[in-house]
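A structural walkthrough
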Amino acid sequence: MTTTDDTVGRVYLVGSGPGDPDLLTVKAHRLLETADVILHDKLPGPAILSSLPDDRTEDVGKRAGGDRTRQEYTNERLVELAREGKDVVRLKGGDPFVFGRGGEEAIHLAENEIPFTVVPGVSSAVGGPGVFGIPLTHREHASSVTFVTGHEDPTKAESAIDWNALAATGGTLVVLMGVGKLGDYTGALLGADMDPETPLALIERATWSDERIATGTLATAVATRDRAGIEPPAITIIGPVAKTRESVAEWLVRDAPATAIGEEDR
Ligand code: SAH
């Protein structure tokens, strides 16, 4: 691969989609084959990660020792590799700019005058519900959709999320990173008078070979999670659309998630 300035490489912030290798974009697939180095964490999922070439791959995923350190390390490593003249794919689960700190990486690259390209991916927030037959909008049931992090503690005074306002949108709420604090934010929504019977779905590891879905209501959210033993990565869909699945289930045909990319070439 070449860039216009041949002393500095280019960084590609690439979305891997929710995990099924068939949902990588053609561009992501091409860049994975040609990049000098691929930096990834765990979120792209086992099917995609197991097919990456070991000799060009670095794992910069979370480890014991603190997320903050890891993010700074990743930021710095991207700059360092680009300055060595390497073309680098920073592979991120879903879409690189939907949570997951892709924005911070982009700003760090710009501050260090490293050319970069953003390659969008299918966000788990959209594709996850989609493959299970849950549309995020519906002419009669939901005219808006809000993506929100469930990671913040809703009882904290400094929380940036206004759950009262979210309870009142009448649209669909998609919560990412919201397994651990499910009871806190569903409690906040109930406290803001959102209908306890509002349908809710928890989707774990969407499009991975061991994906799962559990459905309930806003009021039964925690029991639904605990009964199914839902763990991260998972998304929470709150709103009438979560029930659509029941009406389409009989005719919704799922292709089995592919096991690995480029298997035939290896
Ligand atoms: N950029 C990613 C989101 C990163 S934040 C995207 O666009 O999908 C990490 C959160 O994403 C997880 O905690 C989980 O809520 C969600 N997530 C990512 N991949 C997922 C998957 N395959 N199934 C369910 N949730 C997923």
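Residues numbered from 1 in each chain as written. Predicted model: local features only at pLDDT ≥ 70, side-chain atom pairs only at ≥ 80, totals over all residues. Heavy atoms only, no water.

A closer look at the pairing of strand S7 (residues 172-176)
The following threshold applies: Per-residue accessibility, obtained with a 1.4 Å probe over protein chains only, is compared with the maximum for each type, and a residue is labelled buried under 20%, exposed over 50%, and partly exposed between these values. Each helix corresponds to a stretch of at least 4 residues labelled H or I by DSSP, and each strand to a stretch of at least 2 residues labelled E; elements are numbered beginning at the N terminus. DSSP bridges decide pairing: two strands pair if at least two such bridges lie between them.
Counted residue by residue, S7 has five buried out of five residues, so it is predominantly covered. Every second residue of S7 is oriented toward a common face, with Thr172, Val174 and Leu176 on one face and Leu173 and Val175 on the other, all of them buried. Where strand S6 (residues 145-149) and S7 come together, five bridges link them in parallel fashion. Considered in S7, the bridge of Phe147 is made with Val174.

A short note on the packing of aromatic side chains
Here is the rule: Between rings of Phe, Tyr and Trp, where Trp is taken as its six-membered ring, a pair exists when centres lie within 6.5 Å; planes separated by under 30 degrees are stacked, by over 60 edge-to-face, and by other angles tilted.
All told, the structure shown has one aromatic pair when counted by the stated rule. Between the aromatic rings of Trp163 and Tyr185, the centroid separation amounts to 5.2 Å while the plane-to-plane angle is 15°, which identifies the pairing as stacked. With Trp163 in helix H6 (residues 163-167) and Tyr185 in helix H7 (residues 182-191), this residue pair connects regions lying 22 residues apart in the sequence. Take Trp163: its relative accessible area is 5%, and that puts it in the buried class. The exposure class of Tyr185 is buried, given its relative accessible area of 0%.

A look at the sheet that holds S7
What counts, and what does not: Fitting a line to C-alpha atoms yields each axis, with helices limited to the stretch in contact; the angle taken between N-to-C directions then spans 0 to 180 degrees. Note on definitions: a residue-residue contact is assigned when non-hydrogen atoms from the two residues lie within 4.5 Å.
The five strands are arranged S6-S7-S10-S8-S9 in an open sheet whose pairing can be described as mixed. Two strands lie at the open edges of the sheet, namely S6 and strand S9 (212-217), each paired on one side alone. The sheet shows a mean angle of 20° between the axes of neighbouring strands, taken without regard to direction. As paired strands, S7 and strand S10 (residues 234-238) are joined by three bridges and run antiparallel to one another. When the sheet's bridge partners are listed, Val174 is paired in S10 with Ile237. In the packing of H7 onto the sheet, contacts are made with S7, strand S8 (199-204) and S10, and the angle to S10 comes to roughly 15°. Along the sheet, helix H8 (residues 221-228) contacts S8 and S9; its crossing angle with S9, the most-contacted strand, is approximately 150°.

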